[in-house]
Structures are given as structure tokens and as C-alpha cells.
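What follows is each chain in one-letter form.
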Amino acid sequence: FSWGGCQVRELDLIRSEKLPEVTACLLNQYPPAQGQIVWHRDEIRAHGTDPVIVSVSLSPLGHRDFLMHRYDSPNEVLTQPLAHGSAMIMAGTGSQEKWMHRLPLTPESPHRISLTFRSIVAGYEDVLAGKKNDRCVYG
């Protein structure tokens, strides 16, 4: 689809990176100067043995900064601007177990839509809990 002059081909982008299949998409809309995301790690228990999270940012009027730091080094912060049409890919268990991330809010933060694709494996949490689940390919 197209928004603000940017062509976004989400699944083609994800497939071209040879990442695991994505099975879910979450759409979030953040109005101007709203929608702060505090320091956190994403819950990935349902993502199987090879988790992936891909966040596509749509913000034609500017960018938002994506900040991250290693869990054990909170004062060493890395900043990556998320430009319109960019994709932030967090793959593997280490991306959530060893790193924290946030999107701070400023008075100038532009309107942003985020499409977040995830590799959810049906029944994987049941397998981790020791429950039998015939739907899960890892069971």
C-alpha cells in the first residue's frame, strides 16, 4: 500500500531478509506528541525457537528515535532514527533477552503509524509449560 508517498511492501521486505514466517501483525497509531513507549523488552514466549519482530514505521512528517541499551548496561544507549518507511528488525532470543528498547516522546514527535509483525507459533507456550498441544510444530 502507499501512505504519504512511501510504498511499503511488508511481506516482501520480511521474506527478503530470510526471517522466520510472520503470523501476526499489530497496528498502532500514535498522534503527534503522543504515544511514548517506555523502556521494555517484548514478551516472546509464544514466538518459538527463532523469534522475530519487525516494526515498520510510517511517519511522513518526520522521524521518531528508537533507543536501545544492553540490559546490563543501561547508561550505554544507542539511538536509531526511524524514518518514514523504515523497518526495525529484532530477531533471535538475544534481541529481547539482552536488550531493552524505547521510543521517547518529544513535543515535536510527529504522527506515526507502526505495523509490527511477529512470528507467533500457535501452541508454543503450552509446550513450554509441559502441556501436550497437537497444533504446535515444536511439540
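Just so you know, these numbers come straight off a predicted model, no measurement behind them.

1. Topic: the overall build of the chain
From N to C terminus, the chain includes 3 helices and 10 strands. Helices (α) and strands (β) of the chain occur, in sequence order from the N terminus, as β-β-α-β-β-β-β-β-β-α-β-β-α. Sorting the 139 residues of the chain into buried and exposed places 38% on the buried side. Counted over contacts in the chain with a minimum sequence separation of 6, partners at least 24 positions apart contribute 80%. Summing over all exposed atoms, the chain offers an accessible surface of approximately 8,300 Å²; the carbon and sulfur share of this is 52%.

2. Section: the pattern of salt bridges
Under the definition given, this model contains 1 salt bridge. Here Asp72 and Arg70 are joined by a salt bridge, their closest N and O atoms 3.7 Å apart.

3. Remarks on the sheet that holds strand β5 (residues 52-58)
Here we have 4 strands laid out as an open sheet, ordered β3-β10-β5-β8, and antiparallel in their pairing. The sheet is open, and its two edges are formed by β3 (24-30) and β8 (87-91), each paired on a single side. Adjacent strand axes in the sheet meet at a mean angle of 15 degrees, parallel and antiparallel pairs treated alike. Bridging between β3 and strand β10 (residues 112-118) involves 7 bridges; their strand directions are antiparallel. Across the sheet, residue Asn28 finds its bridge partner in β10, namely Ser114.

4. Remarks on the environment of Leu115
Note that Leu115 resides in strand β10. Classification of Leu115 by relative accessible area gives buried; the value is 8%. Put simply, Leu115 and Val56 are 59 residues apart on the chain and 5.1 Å apart in space, counted from C-alpha to C-alpha.

5. Some remarks on unusual backbone geometry
Its identity is not glycine, yet Ala33 carries a phi of approximately 60 degrees, on the positive side. If you trace the backbone, Ala33 turns up in the loop between β3 and β4 (37-40). With relative accessibility at 34%, the residue Ala33 sits in the partly exposed group.

6. Concerning the sheet that holds β4
An order of β4-β9-β6-β7 is seen for the 4 strands of this open sheet, with the pairing classed as antiparallel. The sheet terminates laterally at β4 and β7 (78-82), the two strands that pair on one side only. Neighbour to neighbour, the strand axes of the sheet diverge by 20 degrees on average, direction disregarded. Inspection of the sheet shows strand β6 (residues 64-70) paired to strand β9 (residues 99-103) by 4 bridges, in the antiparallel sense. From the neighbouring strand, Met68 faces β9, where its bridge partner is His101.

7. Some words on the confidence of the model for the chain
The predicted model of the chain averages 76 in pLDDT, with 71% of residues at 70 or higher. Mean pLDDT across the elements of the chain bottoms out in strand β1 (residues 2-3) (38) and peaks in β6 (90). Counting interchain partners and residues more than four positions distant, the pLDDT-below-50 stretch residues 1-15 has 29 contacts. Low pLDDT, under 50, characterises residues 135-139; the predicted model gives this stretch 13 contacts beyond four residues in sequence or across chains.

8. Examining the environment of Asp72
Within the secondary structure, Asp72 is located in the loop between β6 and β7. Its relative accessible area of 60% is what places Asp72 among the exposed residues. Through-space distance from the C-alpha of Asp72 to that of Met100 is 9.5 Å; in sequence the pair is 28 residues apart. A polar side-chain atom of Asp72 sits 3.5 Å from a polar atom in the side chain of Ser73.

About the cut-offs
- Residues numbered from 1 in each chain as written.
- Predicted model: local features only at pLDDT ≥ 70, side-chain atom pairs only at ≥ 80, totals over all residues.
- Heavy atoms only, no water.
- Helix = DSSP H or I, 4+ residues; strand = E, 2+ residues; numbered from the N terminus.
- Buried < 20%, exposed > 50% of the residue type's maximum accessible area, 1.4 Å probe, protein only.
- Contact = heavy atoms within 4.5 Å.
- Areas by Shrake-Rupley, 256 points an atom, 1.4 Å probe, with all protein chains shown as cover.
- Salt bridge = Lys/Arg side-chain N within 4 Å of Asp/Glu carboxyl O.
- Pairing = 2+ DSSP bridges.
- Axes fitted to C-alpha atoms, helices over the stretch in contact; angles between N-to-C directions.
- pLDDT = per-residue confidence, 0-100.
- Polar contact = N/O pair within 3.5 Å; in protein donor to acceptor, adjacent residues only side chain to side chain.

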